[in-house]
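Topology and contacts: notes
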Amino acid sequence: MLKVDNASVFFAARNGQTVQALDRVSLDIPNGGFVVALGTSGCGKSTLLNAMAGFLPLSSGSITLDGAPVSKPGAERGVVFQRDTLLPWKSVLDNVSLGLQFAGMPRKERDARAHELLRLVGLQDFAKSSPYELSGGMRQRVGLARALAPDPKILLMDEPFGALDSMTREQMQELLVSVWARTGKQVFFITHSIEEALFLGTQVIVMSPRPGRIVARFDVDFVRRFAAERDARAIKTLPAFAELREEIRAIVHQTEDQEAATI
Amino acid sequence: MTDLAAQLSVLQSIDASATVMLPDPKTATPKLVKMRSFGMGEGSTVFISVATGIAILSLWWLLAQTGWVPHLFLPTPSEVLLQAQSIWDDGYANATLWEHVSASLARILTAAAIAVLLGIPVGLLMGLNRWAKGVLDTPIEFYWPLPPLAYLPLMIIWLGIGEASKITLLTLAMFAPIVLSAQAGVRALPLERVNAALSLGATRWQLFGAVVLPSALPEILTGIRIALGVGWGTLVAAELIAANRGIGFMIMSASHFLATDAVFVGIGVIALCAFSFTLGMRLLEGWLVPWKGKN
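Rules of the game
Residues numbered from 1 in each chain as written. Chains lettered and ligands numbered in written order. Predicted model: local features only at pLDDT ≥ 70, side-chain atom pairs only at ≥ 80, totals over all residues. Heavy atoms only, no water. Contact = heavy atoms within 4.5 Å. Buried area = accessible area lost by both parts, 1.4 Å probe. Salt bridge = Lys/Arg side-chain N within 4 Å of Asp/Glu carboxyl O. Polar contact = N/O pair within 3.5 Å; in protein donor to acceptor, adjacent residues only side chain to side chain. Helix = DSSP H or I, 4+ residues; strand = E, 2+ residues; numbered from the N terminus. Pairing = 2+ DSSP bridges. Axes fitted to C-alpha atoms, helices over the stretch in contact; angles between N-to-C directions.

1. Remarks on the interface of chain B and chain A
Taken together, the contact between chain B and chain A spans 20 residues of the former and 22 residues of the latter. Note on chain B versus chain A: buried area summed over both sides is about 1900 Å², and carbon and sulfur give 68% of it. Linking chain B with chain A are 1 salt bridge, by the criterion used here. Between E192(B) and R83(A) there is a salt bridge, with its nearest N and O atoms 3.4 Å apart. The interface formed by chain B and chain A holds 2 residue pairs in polar contact (both at pLDDT 80 or more) in total. Elements with a minimum of two residues in the side of chain B that touches chain A: helix 8 (191-199) and helix 9 (204-241) of chain B.

This is the structure we're talking about:
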């Protein structure tokens, strides 16, 4: 379980003032849980993810993974970035097995594991390709396989589908759900799409900017239903889905209005 | 008939003519179009370049053959070719052509090897470490803008007239562009790429070998290309001043006897060498960094 306890982050702004990016955020991601952080840009969701990944120290508060404090990046927390960060000089296969290479796994074993992961994300025929020969959606699938390779306890995903067209995006959401259902990983996922958040999460947290904090939490179960029934359209057109979407939309708009009032 | 009806009938006739104007895909080949381009466009420039080359050669031949430019200043192309043949067969200024060329090549290749072996690690270190950057920036920024020939006399006083002074001079001239490009390569490294490797469990050394060095490689190769250009300029100039072998020396001694045709041969040999170096670097880039510009 990943536990965020009263995490606050202060940055120094260019004009010499301090900016509070996170304000006493507390959050639990249980084993097998899929937590989606939702909010407008600047609400601190990426800051929160960077702190979880160990890229950013906290000003106060703590983050622990299964009781061990998080202080720097590590292979037990896999990260998928918005822009793909694949190494262009390595083949797709070698990109996927990069973490295994760092861990010192022998070539034969890591290739076998990387092939297995490429099958999981449906790219078994592209093992020898170069990343720059793939489309944006395929590259994000390689990024997902790469993050899964060292068998992390948690996946941290920073708007991974934000740059994709809406049709590819829906395919990627369905792929991610089946990978999550098969591997049982904890997932922390950032998005600014309400529909994506509702469709993917077992818990949706809504964040508001300046300072970044959690303003609402929803426990949802559409993702479990999708994992069982595999019919995305049926779920997204459910009245309960639409109601919750509108409820969250109202909250997001309210935080925007409040912000506009303070400026 | 109302106005509306009249308008409708006009619209219908336009519609009909539009249908007629559609080309029949079976009989007519369609006119191929592409986006209007700005600047040079996509057409090949090979033909234009070759034609320009021929024009320049013809102009040269014309000027020399007719005697509009005195023969002492400008030999004809055929005389230069004859002189090239004779230098190839008998050598020039107490050495064969190959001895001149190999003397020059040995100097530039030795200096390039030293500059690459020292410059890449120093540049990478300067990109990664604040202290290395702070300490090394001062001397490099001081000497790098100086023309190498300005400190050649100093090199000769310190190291003598032999190979050591010339190789040191060349190494210094080639070192700076390699250092600066390796440093720029590290600085251009996206932080996300570093973070991705760290979250996959990379240690500092693994990060360096698997991410930092390959990321900087395209910039480093560009730096080596610039260094070789600087190297040829410095080499020939140094040989003009202090040498008894080398292409620069050959040109210098030919000019003492006003043997313009031999000067032309020397220039041609340098051009050929420099061109093959550029070609070699291009091949090396295609082999080492095929992903360059694709990401």
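2. So, the sheet that holds strand 7 (residues 154-158) of chain A
Adjacent strands of a sheet form backbone hydrogen bonds with each other and so pair up, either parallel or antiparallel. All names here are of chain A. Read from one edge of the open sheet, 6 strands run 6-7-8-3-9-10, paired in mixed fashion. The open sheet is flanked by strand 6 (77-80) and strand 10 (213-219), the only strands paired with a single partner. Ignoring strand direction, the axes of neighbouring strands in this sheet form an average angle of 20°. Here helix 5 (residues 136-148) sits on the sheet in contact with strand 6 and strand 7, set at roughly 170° to strand 6.

3. A closer look at the pattern of salt bridges
Residue and element names in this part refer to chain A. A full pass over the atoms with the stated rule returns 21 salt bridges over all chains. Salt-bridge contacts for D23 lead to R24; the nearest nitrogen and oxygen are separated by 2.9 Å. One connected set of salt bridges, linked through shared partners, spans E195, R245, E246 and R249.

4. What to know about the pairing of strand 1 (residues 2-12) of chain A
All names here are of chain A. In terms of strand pairing, strand 1 meets strand 2 (residues 18-29) through 8 bridges, oriented antiparallel. Pairing of F10 across the sheet is with Q20, part of strand 2. The hairpin turn running from strand 1 into strand 2, its antiparallel successor, is 5 residues long, and G16 in that turn takes a positive phi close to 90°. Pairing of strand 1 with strand 4 (residues 60-65), which is carried by 5 bridges, proceeds in the antiparallel orientation. Bridged to L2 within strand 4 is L65.

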